[in-house]
Each structure stands twice: as C-alpha cells, then as structure tokens.
Amino acid sequence: MNLNIAVLSGDGIGPEIIEQALRVTKVVCEKFGHVLITRTALVGAVAIEQVGNPYPDETHNLCMNSDAVLFGAIGHPRFDNDPTAKVRPEQGLLAMRKKLGLYANIRPVIIFESLLDKSPLKLERIEGVDFVAIRELTGGIYFGQPQGRSEDGNTAYDSSVYTRMEVERILELAFRFAMKRRKKLTVVDKANVLATSRLWRQIAKEMEPMFPEVEVDYMFVDNAAMQIIQWPKRFDVMVTENMFGDILTDEASVISGSMGLLPSASIGIHTSVFEPIHGSYPQAAGKNIANPCATILSAAMMFEYAFSLMEEGALIRKAVEASIVAGAVTEDLTDDKSKAMTTSEVGDWIVEYLSKY
Ligand code: IPM
Ligand code: MG
C-alpha cells in the first residue's frame, strides 16, 4: 500500500517527538512492504514566524492531498503571556480542524500494566481501565460567534453554539463506537445549566431507540470529572462537547501515569489527523527529554484509522508496551532521573524492537 503522509511537527517538542514517530512508521512500512511518502509543512508559531499565518494555505492543500496527517504539537509561551497578540499558534490547530472537517476526536484512555504504580490513583481503581473519550472537535465554545470584547475592552464574551446536525453526527459516531465495544455510552453534559447541553441530551434520547443494545447514561460534567478519578472503570465510551472533552481528557491522562502516553485520532470529513493529546511542552523543547510514546501511539492509530492496517497498528502498540516493560522510558516515567532515557533513545529502542520482531 502507498501511504502519503503530511507531517506537521509544529512547535516546542513537536519536531523531536514526530521524528521518533516517523522512524517507527518507516520501519513498520518496510516490514510490511508499504511505500511511505512523507511531506512536511508549517503549522503553529513557526508558521507565524515564517509566513505570518499559523495554518498557511500550502499546509492545508498538502493535508487535503494526503492520506493522513501526523501532527506534533502547537503553542509557544511568547503568545500565552500576550493577551493582545492578533494571531496565535492555537488558531492554526483550530483552523486545521475546522477546514478538514474533523468533528470527532477519539482519545483512548488505556493503562499499561507495568506503569500501574506511576499513577497517583490507587491500584484497585485503575487496574483494567479501558475507555474511549470522544470529543466533539469543531463546534461549541471553541468556534461559536460572537466572540470578542466590547469597545471599551472591559467586557469579553464567548458563545457556545451547537446545531442539531453537529450533535447528531458526533452522537451517532459515539453510538457506533459503543456497539463495537462494551455497549455502554456515557453522554457528558451540563444540561442542568446550558441550553446546548439540553439539545445534546434531547438528541441522544431520540437516538437511543436506534441503538437498543447500547446502555446510555447521562452525566453532568462536574460529576464526570469526579468519576474519572473515583471509578474510571465505569466508563466504556464517553462522548462530550469540545471544551468538556478537552478538560476531561487531560484529567484522564493522569490515570495512565503520564500525559506523554495518550494518543488521539481526529476524524471527520476530509483527511484524518493523528496527534498526541499533550501540548508543545516548551520547557523541554530541544532537550531530547520528552516522551515520544503518545506520538508513536498516534502513528499506530494512523495505521488503523486511515489505512485499516490493524496488524501494523497492533505491532506498534506492542513495541511501545515492551519498551515500557523493559524500562526504556523517558524521565516522566522514572523515579530516578539518572535512569531515564532520552527521546531519541526511546525511539532507538522501539525501532530496534520492531526491526527484530
Ligand atoms: C488539545 C489542546 C488544544 C485544544 C489547544 C492547543 C488549542 O489542548 O488538543 O487538547 O484545546 O483543543
Ligand atoms: Mg487539551
């Protein structure tokens, strides 16, 4: 098979973690006889610096003409502390999601047996945790208009907006996911306060009869935030709006022991994007210390979701698991920093495992 992949490394640790994910992708392609074609493009703060636009047209065209996008990270502290900045790196990520029609962000929350002790949560609470958070990605308060400031600058507003069409398509995807799994769907909302949440709940209830085997449960987001820590095993598929999903998945990453472990797939209308759930971690940029596993696992999802190459994806996951079991891990996963491997050493280990396998 030919794999045409757009590579968008972005900012901070983006280039370092993408490099390792690409090495892994390459060795897997060689092993299985696939032809890998990669082309790179600018996104984020580097794109603002070089061409004044965080998601330039050339980047969008490349994404549109590729089979999949492998994405690193976006964000730069220079913009975080400048509330007056006119263009921000994050706008690049949002524009990409919107223009590619990536309305669903799939974030599996899994744990590695060998890392159970790395989680701040008690063993009996997290052993066997296996759920998928499905986050709506192109609507809600991230995109709703109006957004802005009053003329005197003293009032600011964001709008959360959802249409029936947007809610139906993400819920349908979530129901289908549940059908393929343990048939349990938790719809997370704030229907006791928000109008958009009440629309979500209404539509979910309308859809229930179409999926009679799926057991649906409705949970307020504040309660869900607690349950994720208290009893995460209760979840199978969780579906929620854009901002709740953003917050809850960072929280959920604590279960697995490190944010550096959780991958994601953003799917929808055009080319799918595969990216770690973590950000650009600017403090670590260029230091070769960031955990590449979330990005490597995102590459595994890319094989599965974009190319239906399940065996390839499974093998990558197995290699990552093996590296963790062997203690070939970055400093976020070691108590003793002197035992930590660098980003590229972890990549070396995984590539070597794959080439011998
Ligand atoms: C994520 C990130 C982004 C988001 C930021 C970088 C805009 O936190 O992908 O979860 O909020 O969606
Ligand atoms: Mg986030």
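Residues numbered from 1 in each chain as written. Chains lettered and ligands numbered in written order. Predicted model: local features only at pLDDT ≥ 70, side-chain atom pairs only at ≥ 80, totals over all residues. Heavy atoms only, no water.

Quick look at the site of ligand 1
So, step 1. Around ligand 1 lies a shell formed by E90, L93, R97, R107, R135, Y142 and D246.
So, step 2. Within the contact set of ligand 1, an oxygen atom lies 2.7 Å away from a side-chain nitrogen or oxygen of R97.
So, step 3. Between ligand 1 and R107 there is a distance of 3.0 Å, counted from an oxygen atom to a side-chain nitrogen or oxygen.
So, step 4. Taking 320 Å² as the accessible area of ligand 1 by itself, protein coverage stands at 80%.
So, step 5. When we break the shell around ligand 1 down by domain, the ones giving at least three residues each are domain 1 (1–106 + 259–357) and domain 2 (120–256). (Near = heavy atom within 4 Å. Polar contact = N/O pair within 3.5 Å; in protein donor to acceptor, adjacent residues only side chain to side chain. Areas by Shrake-Rupley, 256 points an atom, 1.4 Å probe, with all protein chains shown as cover. Domains from an automatic or database assignment.)

Structural notes on the domain arrangement of the protein chain
So, step 1. What the domain assignment lists for the protein chain is domain 1 (1–106 + 259–357) and domain 2 (120–256).
So, step 2. Of note, the centres of domain 1 and domain 2, computed from C-alpha atoms alone, are 24 Å apart.
So, step 3. Taken together, the 17 residues of domain 1 in the interface contact 19 residues of domain 2.
So, step 4. Together domain 1 and domain 2 conceal approximately 1600 Å² of surface at their shared face, both sides included; 67% is due to carbon and sulfur atoms.
So, step 5. There are 0 salt bridges connecting domain 1 and domain 2.
So, step 6. Between domain 1 and domain 2 we count 3 residue pairs in polar contact (both at pLDDT 80 or more) in total.
So, step 7. Of all the secondary-structure elements, those providing two or more residues to the side of domain 1 that touches domain 2 are α5 (89–99), β4 (104–110) and β11 (263–267).
So, step 8. Of the residues belonging to the side of domain 1 that touches domain 2, the class tally is 12 nonpolar, 3 polar and 2 charged. (Contact = heavy atoms within 4.5 Å. Buried area = accessible area lost by both parts, 1.4 Å probe. Salt bridge = Lys/Arg side-chain N within 4 Å of Asp/Glu carboxyl O. Helix = DSSP H or I, 4+ residues; strand = E, 2+ residues; numbered from the N terminus. Nonpolar A, V, L, I, M, F, W, Y, C, P; charged D, E, K, R; others polar.)

Comments concerning helix α9 (residues 221–230)
So, step 1. Of the residues making up α9, those classed as buried are V221, A224, Q227 and I228. One side of α9 holds all its buried residues, which, seen down the axis, span an arc of 110°.
So, step 2. Turning to α9, the residues buried within the fold contact β8 (184–189), β9 (215–220), β10 (237–240) and α10 (242–256). (Buried < 20%, exposed > 50% of the residue type's maximum accessible area, 1.4 Å probe, protein only. Arc of directions from axis to C-beta.)

Considerations on the sheet that holds β10
So, step 1. Read across the open sheet, the 10 strands follow the order β2-β1-β3-β12-β11-β4-β5-β10-β8-β9; overall the sheet is mixed. Each of the sheet's edge strands pairs with one partner strand only, and the pair in question is β2 (35–40) and β9. Put simply, the sheet's adjacent strands are angled 25° from each other on average, direction ignored.
So, step 2. In this sheet, β10 lies alongside strand β5 (residues 130–136) in parallel orientation, the contact comprising 4 bridges. Bridge pairing in β10 links A133 to M238.
So, step 3. Across the face of the sheet, helix α1 (residues 14–32) comes into contact with β1 (2–10), β2, β3 (68–73) and β12 (272–276) while running at roughly 165° to β1.
So, step 4. Strands in contact with helix α8 (residues 195–207) are β5, β8, β9 and β10; relative to β9, the strand with the most contacts, it is inclined by about 170°. (Pairing = 2+ DSSP bridges. Axes fitted to C-alpha atoms, helices over the stretch in contact; angles between N-to-C directions.)

As for the layout of surface pockets
So, step 1. Space inside the largest pocket adds up to approximately 740 Å³.
So, step 2. Contributing to the lining of the largest pocket are 35 residues, with M259, I277, H278, G279 and S280 lying nearest its centre.
So, step 3. Where the lining of the largest pocket is concerned, the elements lending two or more residues are β3, α4 (77–80), α5, α10 and β12.
So, step 4. For the lining of the largest pocket, the leading source of residues is α5, giving 4 residues.
So, step 5. Split into classes, the residues belonging to the lining of the largest pocket amount to 15 nonpolar, 10 polar and 10 charged. (1 Å grid on protein atoms, 1.4 Å probe; cavity = no way out; pocket = protein on both sides within 12 Å on 5 of 7 lines; lining within 4 Å. Points joined across faces, edges and corners; volume = space filled by probe spheres on them.)

Thoughts on the packing of aromatic side chains
So, step 1. Using the criterion set out here, one finds 5 aromatic pairs in the structure.
So, step 2. Centroid distance F131 to F235: 5.4 Å. Interplanar angle 50°. Geometry classified as tilted. Of this pair, F131 sits in strand β5 while F235 sits in the loop between α9 and β10, and the two are 104 residues apart along the sequence.
So, step 3. Residue classification places F131 among the buried residues on the basis of a relative accessible area of 1%.
So, step 4. Given a relative accessible area of 0%, F235 falls into the buried group.
So, step 5. Judged by centre distance (5.7 Å) and plane angle (15°), the ring pair of W349 and Y353 falls under stacked. Of the two residues, W349 and Y353 both sit in helix α13 (residues 343–356), 4 residues apart, roughly one turn of that helix.
So, step 6. Relative accessible area serves as the criterion here: at 27%, W349 is assigned to the partly exposed category.
So, step 7. Overall, the relative accessible area of 22% leaves Y353 in the partly exposed class.
So, step 8. Among the aromatic side chains, those forming a connected cluster through ring pairs are W349, Y353 and Y357.
So, step 9. Cation over ring: K98 sits above F143, and NZ or CZ is 4.7 Å from the ring centre.
So, step 10. Over the aromatic face of F235 sits the side chain of R234, whose NZ or CZ is 5.9 Å from the ring centroid. (Phe/Tyr/Trp six-rings, centres within 6.5 Å; stacked < 30°, edge-to-face > 60°. Lys NZ or Arg CZ within 6 Å of the ring centre and 35° of its normal.)

A look at helix α11 (residues 293–307)
So, step 1. For α11, with 15 residues, the first-to-last C-alpha span of 20 Å sits near the 21 Å given by 1.5 Å per residue.
So, step 2. Burial analysis of α11 places 13 of its 15 residues in the buried class, the great majority of the element.
So, step 3. S308, located one to two residues past α11, shows a positive phi value of around 50°. (Expected span 1.5 Å × (residues − 1).)

A word on the pattern of salt bridges
So, step 1. A full pass over the atoms with the stated rule returns 23 salt bridges.
So, step 2. Where D217 meets K184, a salt bridge forms, and the shortest distance between an N and an O atom there is 3.6 Å. With D217 in strand β9 and K184 in strand β8, this residue pair connects regions lying 33 residues apart in the sequence.
So, step 3. The class for D217 is buried, based on a relative accessible area of 19%.
So, step 4. K337 is the partner of E331 in a salt bridge, and the nearest nitrogen-oxygen pair spans 3.7 Å.
So, step 5. Judged by its relative accessible area of 22%, E331 is partly exposed.

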